[in-house]
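Here is what each chain is made of, one letter per residue.
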Amino acid sequence: MTESAAQALSILRDPTQFKWYVIPILTLVVYVYANEAQKKNWNVIFAGLTYFALDIFIEIVNSLIFHFTQYAPAWGTPGATAYLLMIGMNIEIFFMFAIVGLVMAKFLPEDKSMRILGIPNRAVFIAFAGAICAAIECALNYTGALTWEYPWWNTGPAAIVIFGGYSLFYTISFKVHDMKQRSSQILAVGSLLALDLILIAIFMGALKWI
């Protein structure tokens, strides 16, 4: 087991790590969704929830990587936090992913057919959002806040892989955003969240693997 994985494991879901700043951040997340609901921006809300559900899923996968290897997760967050939910996701990241998909969806033009420099606007914003997230993760790794222990993780390949992963998440989120039927959006988001809850109940609750 790597030192960073052991450090993260030592504070995993440790309530003594709690910091009071969690409360105002939670309030801000609730406010963001309440504000969009008040404006009836349901497409934006569903995009945000889709992105959030996808990120929870990949964090479960990351935790399972550590369980089966007992070496390290694909990425870890062993540093200071108010609460470490999973080995690669602290409460601060949790709150950030709860709203980042919603924030990016707010930039989408209403006209889905509009092009930017001849490129479909959705493709432009997917690439833009993916690039920003990849750059942030590389910066976090540089500071040591986000750890990559496997030898294939170095800045070049990491940036490409992260860009691809985030771009996929944004592609799915924007697809849900653009669905014409509200029932389809509810089904998509509901299915993803239900899957997350089932996996958490199995792997965190029953088996205690993550």
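Refer to the structure presented above.
Overview of the structure. (Residues numbered from 1 in each chain as written. Predicted model: local features only at pLDDT ≥ 70, side-chain atom pairs only at ≥ 80, totals over all residues. Heavy atoms only, no water.)

1. Looking at the nonpolar core
Ranked by size, the top nonpolar core spans 54 residues in total, and within it Y51, I60, W148, Y170 and F174 carry the most contacts. Broken down by secondary-structure element, the contributors of at least two residues to this core are α1 (3-10), α2 (22-38), α3 (42-69), β1 (84-86), α4 (91-105), α5 (121-143), α6 (155-177) and α7 (182-206). In this structure, F174 is in contact with M104, A105, L108, R122, F125 and I126, ignoring residues within four places of it in sequence. (Core = buried A, V, L, I, M, F, W, Y, C linked by side-chain atoms within 4.5 Å. Buried < 20%, exposed > 50% of the residue type's maximum accessible area, 1.4 Å probe, protein only. Helix = DSSP H or I, 4+ residues; strand = E, 2+ residues; numbered from the N terminus. Contact = heavy atoms within 4.5 Å.)

2. Topic: α1
Along α1, the residues classified as buried are S4, A5 and A8. Taken end-on, α1 shows its buried residues confined to a sector of 100 degrees, consistent with a single buried face. In this structure, α1 carries E3 and S10 as exposed residues pointing more than 90 degrees from its buried face. Buried residues in α1 make contact with α3 and β1. (Arc of directions from axis to C-beta.)

3. What about the packing of α2 against α3?
Packing of α2 against α3 brings their axes to within 8 Å, and their N-to-C directions diverge by 150 degrees. When the interaxial angle is binned, α2 and α3 end up roughly antiparallel. Contacts from Y33, E36 and A37 in α2 reach W42, V44, I45, G48 and L49 in α3. Class assignment of the residues belonging to the contact of α2 with α3 gives a composition of six nonpolar, one polar and one charged. (Axes fitted to C-alpha atoms, helices over the stretch in contact; angles between N-to-C directions. Parallel < 35°, antiparallel > 145°, perpendicular 65-115°, else oblique. Nonpolar A, V, L, I, M, F, W, Y, C, P; charged D, E, K, R; others polar.)

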